[in-house]
Amino acid sequence: MFRGATSLSLDAKNRLAVPTKHREALQLECAGNLVLTAHPHRCLLLYPQPAWEPIQEKMMALSSFDKQSSALQRLLVGFAEDVSLDSAGRLLVSPVLRDFAGLDKEVMLVGQGSHFELWSMAAWRAQLEQVMQDDGFAMPAELEGFSL
């Protein structure tokens, strides 16, 4: 399980150093082989390759004639890139994905259980601000009656 939010910096070569606490798990789970792709919220998703494969299969099973399905296929699968952790635990973020998510030097890596989200710091702060608004905590119907 990947948990926690970590403020990170892209280095001069646009590499991201994955926090040490996650490196060992990624090495064990997928030998450091990951998939980095775009998300409709203008962040990036980082999946261990084995966790990504069933998602890609489901996406590609959708009809390419359906406008919404094909748009999601283009986004999620079309932007997907295989990336690997180097010996120092870093991964390279391509110019295309950096541009999509508006990444510059300061980024946030946010654990989401099976994967991570990668946000530009500005987008992350805007996202948090939106969630913290009065109606930001509206629960989806499937969580009705849920409590923490």
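What you are looking at is a predicted structure, and each value in this text was computed from that prediction instead of being measured.

Reading the values: rules and limits
Residues numbered from 1 in each chain as written. Predicted model: local features only at pLDDT ≥ 70, side-chain atom pairs only at ≥ 80, totals over all residues. Heavy atoms only, no water. Helix = DSSP H or I, 4+ residues; strand = E, 2+ residues; numbered from the N terminus. Rg over C-alpha atoms; globule rule 2.2 N^0.38 Å. Buried < 20%, exposed > 50% of the residue type's maximum accessible area, 1.4 Å probe, protein only. Contact = heavy atoms within 4.5 Å. Areas by Shrake-Rupley, 256 points an atom, 1.4 Å probe, with all protein chains shown as cover. Phe/Tyr/Trp six-rings, centres within 6.5 Å; stacked < 30°, edge-to-face > 60°. Lys NZ or Arg CZ within 6 Å of the ring centre and 35° of its normal.

Visitor: How should I be thinking about the overall build of the chain in this particular structure?
Guide: The helix and strand tally for the chain stands at 5 helices and 8 strands. Start at the N end of the chain and walk to the C end: the helices and strands fall as β-β-α-β-β-α-α-β-β-α-β-β-α. Here the C-alpha atoms of the chain give a radius of gyration of 16 Å, agreeing with the 15 Å that 2.2 N^0.38 yields for 148 residues. Dimensions of the chain, computed from C-alpha atoms along their principal axes, come out at roughly 45 × 40 × 30 Å. Split into buried and exposed, the 148 residues of the chain put 37% on the buried side. Within the chain, residue pairs in contact and separated by at least 24 positions form 58% of the contacts whose partners lie at least 6 positions apart. Surface accessibility of the chain: about 9000 Å² in total, with carbon and sulfur atoms responsible for 54%.

Visitor: What should I look at first to understand the packing of aromatic side chains in this one?
Guide: Describing an aromatic ring pair means giving the distance of the ring centres and the angle of the ring planes. In the structure shown here, the tally under the stated rule is 4 aromatic pairs. Between Phe2 and Phe116, the aromatic rings sit 4.6 Å apart at their centres with planes inclined by 35°, giving tilted as the arrangement. Taken together, the positions of Phe2 in the segment before strand 1 (5-9) and Phe116 in strand 8 (residues 116-120) put the pair 114 residues apart, joining distant regions of the chain. A single burial state applies to Phe2 and to Phe116, both of which are buried. Both rings, one in Tyr47 and one in Trp52, keep their centres 5.6 Å apart while their planes meet at 50°; by these two values the pair is tilted. Across this residue pair, the class does not change: Tyr47 and Trp52 are buried. Over the ring of Phe100 we find Arg42, and its NZ or CZ is 4.5 Å from the ring centre.

Visitor: How do you make sense of unusual backbone geometry when you look at a structure like this?
Guide: Across the chain, the bulk of peptide bonds are trans and the bulk of non-glycine residues have phi less than zero. Phi is positive for Asn14, close to 65°, though the residue is something other than glycine. Structurally, Asn14 can be placed in the loop between strand 1 and strand 2 (15-17). A relative accessible area of 23% places Asn14 in the partly exposed class. Of note in this structure, Ala31 is not a glycine but carries a positive phi near 55°. Looking at the secondary structure, you find Ala31 in the loop between helix 1 (20-30) and strand 3 (33-38). Accessibility expressed as a relative area gives 52% for Ala31, which makes it exposed.

That's the geometry; what it means functionally is another story.
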